[in-house]
Structure formats: structure tokens, C-alpha cells
Amino acid sequence: MDREKLIVPNQIGYLILKEDGAVLESGGDLKNDERSANVIMGLLNLTESIDESFMPNSSCERITIDYEQHYYSICMSNRRIYIVKISKSQNGVTTTTSSSSSNSVYNDASDSGAVLA
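Residues numbered from 1 in each chain as written. Predicted model: local features only at pLDDT ≥ 70, side-chain atom pairs only at ≥ 80, totals over all residues. Heavy atoms only, no water.

### Some words on the packing of aromatic side chains
Inference 1: In total, this model carries 1 aromatic pair according to the counting rule given.
Inference 2: Here the aromatic rings of tyrosine 67 and tyrosine 72 are separated by 6.0 Å at their centres, their planes lie at 80°, and the arrangement is edge-to-face.
Inference 3: When its relative accessible area of 0% is taken as the criterion, tyrosine 72 is described as buried. (Phe/Tyr/Trp six-rings, centres within 6.5 Å; stacked < 30°, edge-to-face > 60°. Buried < 20%, exposed > 50% of the residue type's maximum accessible area, 1.4 Å probe, protein only.)

Here it is in C-alpha cells:
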């Protein structure tokens with residue numbers, strides 16, 4: 001990323017949204033990416049609809065969507081939604097992380113073009 005806002009190391013893109021999903025800022029791989037903003041807002045709305053009796057105190061602080069080469073970190077602060085696309089490689093070497101099998105849902109969905117790429 002040129003001289004754009006760097007939120008975290010290895011960042012390759014970012015979106016900053018208002019609470020209603022309107023894009024305030026964007027850069028890198030997510031520059032002007034309204035589609036990704038809409039998909040993520042749908043995901044956030046889904047997390048808010050979780051039945052309280054199923055998951056008490058289910059308010060999440062961060063959502064991570066994990067792919068082989070990169071991941072998305074999503075959090076909210078000061079009434080803004082921050083989405084950062086982060087590369088898993090450092091200086092051309094891919095780092096591995098242990099993660100749960102839950103990312104297979106995202107991988108299956110991405111194969112059909114339904115989730116972020």
C-alpha cells in the first residue's frame with residue numbers, strides 16, 4: 001500500500017465503515033470495495049441476531065475470517081467498523097497459524113463467490 005493509512009503490520013487493505021455500513025475510508029485491496037462492506041455488514045447483523053439463551057453474553061469484540069494466504073480482522077470502535085485485510089506472509093514467506101475448522105465454511109462460500117476474496 002502506497003502512503004495510505006497503515007492500521008496493522010502486513011496490512012494489504014482496509015475499510016472503515018459507519019454503523020450503517022457506509023464506507024468512510026478504504027485502501028489497498030479493499031479500496032472502494034462496497035461489495036465486501038455489504039457482506040461484512042450482513043455478517044455483523046447475523047452475529048447480533050444470535051439467541052441470547054443459546055449463547056449468553058454473546059456480544060463479540062472481534063471477528064476474524066481466516067484464509068490460507070490472508071485473513072480479515074473486523075472490530076468496532078468509536079461507532080466505526082474497522083475491517084483490515086492482513087497478509088499471512090512476511091517478506092514472501094507464508095506464516096502458518098493454527099485455527100479451528102470453522103474457516104471451512106468461509107472457504108466453501110468463497111468457492112461459490114459468496115464471501116470476500
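Right, picking up where we left off after that structure.
### A few points about the nonpolar core
Soluble globular proteins: nonpolar side chains tend toward being buried together.
Inference 1: With 15 residues, the main nonpolar core has Leu17, Leu44, Ile65, Ile74, Ile81 and Ile83 as its most contacted residues.
Inference 2: Those elements that provide at least two residues to this core are β1 (11–18), α1 (34–48), β3 (62–66), β4 (70–77) and β5 (80–87).
Inference 3: With 5 residues, the single largest contributor to this core is α1.
Inference 4: Not counting residues up to four positions away in its chain, the partners in contact with leucine 17 are Ala22, Val23, Leu24, Ala37, Met41, Arg79, Arg80, Ile81 and Ile83. (Core = buried A, V, L, I, M, F, W, Y, C linked by side-chain atoms within 4.5 Å. Helix = DSSP H or I, 4+ residues; strand = E, 2+ residues; numbered from the N terminus. Contact = heavy atoms within 4.5 Å.)

### With respect to the sheet that holds strand β2 (residues 23–28)
What holds strands together in a sheet is hydrogen bonding between their backbones, with the strands either parallel or antiparallel.
Inference 1: Here we have 5 strands laid out as an open sheet, ordered β2-β1-β5-β4-β3, and antiparallel in their pairing. Pairing within the sheet leaves two strands with one partner each, and these edge strands are β2 and β3. Put simply, the sheet's adjacent strands are angled 10° from each other on average, direction ignored.
Inference 2: Bridge analysis of β4 against β5 gives 8 bridges, and the strand direction is antiparallel. Each residue of the ladder has a partner; that of serine 77, found in β5, is arginine 80. (Pairing = 2+ DSSP bridges. Axes fitted to C-alpha atoms, helices over the stretch in contact; angles between N-to-C directions.)

### Things to note about the pattern of salt bridges
When their charged atoms lie close together, side chains carrying opposite charge are able to pair.
Inference 1: Scanning all chains against the criterion turns up 3 salt bridges.
Inference 2: Across the pair glutamate 19 and arginine 79 runs a salt bridge whose closest N-O atoms are separated by 3.1 Å. Taken together, the residues glutamate 19 in the loop between β1 and β2 and arginine 79 in the loop between β4 and β5 connect sequence positions 60 residues apart.
Inference 3: For glutamate 19, a relative accessible area of 39% puts it in the partly exposed group.
Inference 4: Here arginine 79 falls in the exposed class, since its relative accessible area comes to 57%. (Salt bridge = Lys/Arg side-chain N within 4 Å of Asp/Glu carboxyl O.)

### Things to note about α1
Note on helix geometry: an α-helix contains 3.6 residues per turn, so any two residues three or four positions apart are oriented the same way.
Inference 1: Look at α1: 21 Å from first C-alpha to last across 15 residues, which is about the 21 Å you get at 1.5 Å a residue.
Inference 2: Considered for burial, the residues of α1 that qualify are Ser36, Ala37, Ile40, Met41, Leu43 and Leu44. Down the axis of α1, the sector holding all buried residues measures 160°, keeping them to one side. α1 presents Asn38 and Leu46 as exposed residues on the side facing more than 90 degrees away from its buried surface. (Expected span 1.5 Å × (residues − 1). Arc of directions from axis to C-beta.)

### Remarks on the pairing of β4
It is a general feature of regular strands that their side chains alternate between the two faces of the sheet.
Inference 1: With 5 bridges connecting them, β3 and β4 associate as antiparallel partners. Along β4, the bridge assignment pairs aspartate 66 with tyrosine 71.
Inference 2: Count of turn residues in the β4/β5 antiparallel hairpin: 2 residues, of which asparagine 78 carries a positive phi of about 50°.

Keep in mind these values describe shape, not function.
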